[in-house]
Amino acid sequence: MKKHNFSAGPAILPASVLQKASEAVIDLNGIGLSILEISHRSKEFIAVLDRSVELVKSLYQVPDDYAVLFLSGGASTQFFMSAMNLLDDSGKAAYVDTGSWSSKAIKEAKQFGTVEVIASSKDKNYTYIPTGYAVPQDATYLHLTSNNTIFGTQFRTFPKTTVPIVCDMSSDVFSRQIDINQFGMIYAGAQKNMGPAGTTLVIIRKDLLGKVNRTIPSMLQYQIHIDQDSCYNTPPVYPIYVSMLTMEWIEEMGGLPVMEAQNKLKAEKMYQAIDSNPLFEGTVRPEDRSWMNATFILKDGSLESLFLKECDAAGISGLKGHRSVGGFRASIYNAMPLESIGVLTDLMDSFAQKHG
Ligand SMILES: *Cc1c(COP(=O)(O)O)cnc(C)c1O
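Conventions and cut-offs
Residues numbered from 1 in each chain as written. Predicted model: local features only at pLDDT ≥ 70, side-chain atom pairs only at ≥ 80, totals over all residues. Heavy atoms only, no water. Helix = DSSP H or I, 4+ residues; strand = E, 2+ residues; numbered from the N terminus. Buried < 20%, exposed > 50% of the residue type's maximum accessible area, 1.4 Å probe, protein only. Contact = heavy atoms within 4.5 Å. Areas by Shrake-Rupley, 256 points an atom, 1.4 Å probe, with all protein chains shown as cover. Pairing = 2+ DSSP bridges. Axes fitted to C-alpha atoms, helices over the stretch in contact; angles between N-to-C directions. Parallel < 35°, antiparallel > 145°, perpendicular 65-115°, else oblique. Expected span 1.5 Å × (residues − 1). Arc of directions from axis to C-beta.

## Focus: the overall build of the protein chain
Okay, so step 1: Helices and strands together make up the secondary structure of the protein chain, namely nine helices and 14 strands.
Okay, so step 2: When burial is assessed residue by residue, the protein chain has 57% of its 356 residues classed as buried.
Okay, so step 3: Of the contacts formed within the protein chain by residues at least 6 apart in sequence, a portion of 67% connects residues at least 24 apart.
Okay, so step 4: About 14,900 Å² of surface is accessible on the protein chain, with carbon and sulfur atoms providing 52% of the total.

Next comes the structure, spelled out in structure tokens:
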């Protein structure tokens, strides 16, 4: 029986995507070859790559002054690659620290220039999104993590600033409409909301490049990947292919306006169940709650293993919270059906009736 997959990442993909992805492993579009055994320079794969770039551009309405790349190394490589390419030794970058992933990005950027942490929610174990800070006008960029996968907070709106925003969107890419012009660069590891592990989407405004003096190894230069259309070396062929299928699914569903409306509805259902249940409690300030990762605890922690056992019996998988928060985390990405959330919230209700 297929489980209800609440995993934070790698995470749920649409059933139709898994079906098509499995067929292409045997035979890609009837060409008599597997997607796993064709050249990255073949016309078949170039068509996959072109289509993937085109889908990113149409879903986010990306203007021509931006480049779209599919790289490898995960979002964690972007923590340093962004600073390496954008921040000069004599320059300064502003960072907002909203959790483990931002902290890691900060640590890496410090190798390349001055890093100013202009706001942080560390004082309350990252349970809120900071507000009321000023972005220094002389900063080269402002780095944000739009959705904090571990702690379950999310920026509802982004700061209005003329400083280019560099944003880690790993766990909420394609989950809602955004104005791409607000960002200088976006990066996202595929494995939360876009595809399988193994590729990282980068969208970057081209005029931000070429402004640092250091020498950068070829594989770590955005400009080289732009000039070579993500094919400077062998790109992650299969993760790109499955990401393409997922983006096609998003488009067929009605694009980002539909994803956004569905994600809002799903999140409301999830948080309503947490708030109305006497046994459970959300861990995040309500106005900063993530629509992708809902974090909550049992007020009586001794019931935790019993609840997880009942989840397991009901086919609910991946609900255990990250070790730094404890409790539970329901990751409800684009592909998560409302019905699966219903299975979880029904179980929470019946658990409260038995143990309340
Ligand atoms: C998962 C995650 C990362 C790390 O991604 P990798 O691809 O494993 O390097 C970075 N940022 C955020 C917000 C994430 O959710």
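## Focus: the sheet that holds strand S14 (residues 328-331)
Sheet strands line up and pair through hydrogen bonds in the backbone, either parallel or antiparallel.
Okay, so step 1: The strand order across the open sheet formed by three strands is S11-S12-S14, and the pairing between neighbours is antiparallel. Whereas interior strands pair on both sides, the edge strands pair on one side only; in this sheet they are strand S11 (280-282) and S14. In this sheet, adjacent strand axes meet at a mean angle of 35° when their direction is disregarded.
Okay, so step 2: Summarising the sheet, strand S12 (residues 293-298) and S14 pair through four bridges and their orientation is antiparallel. Note that in S14 the partner of Phe 296 across the bridge is Phe 328.

## Some thoughts on unusual backbone geometry
Okay, so step 1: Residue Gly 9 is joined to Pro 10 through a cis peptide bond whose omega torsion reads -15°.
Okay, so step 2: Positionally, Pro 10 belongs in the loop between strand S1 (4-5) and helix H1 (15-26).
Okay, so step 3: A positive phi is found at Tyr 126, a non-glycine position, where the angle reads about 60°.
Okay, so step 4: Tracing the backbone shows Tyr 126 in the loop between strand S4 (114-120) and strand S5 (142-145).
Okay, so step 5: Non-glycine residue Ser 230 carries a positive phi angle of around 60°.

## Some thoughts on the packing of helix H6 (residues 237-253) against helix H7 (residues 255-276)
Okay, so step 1: Put simply, H6 and H7 touch, their axes get as near as 7 Å, and they point 85° apart. Between H6 and H7, the crossing angle belongs to the class labelled roughly perpendicular. From H6, Trp 249, Ile 250, Glu 251 and Met 253 reach across to H7, where they touch Gly 255, Leu 256, Val 258, Met 259 and Gln 262.

## Points about H1
Okay, so step 1: An ideal rise of 1.5 Å per residue puts 16 Å on 12 residues; H1 measures up with 18 Å between its terminal C-alpha atoms.
Okay, so step 2: Among all positions in H1, only Val 17, Ala 21 and Ala 24 are buried. The buried side chains of H1 occupy one side of the element, clustering within an arc of 60° when seen end-on. Across from the buried face of H1, at angles greater than 90 degrees, the exposed residues are Ala 15 and Ile 26.
Okay, so step 3: Summarising the contacts, the buried residues of H1 are in contact with H6.

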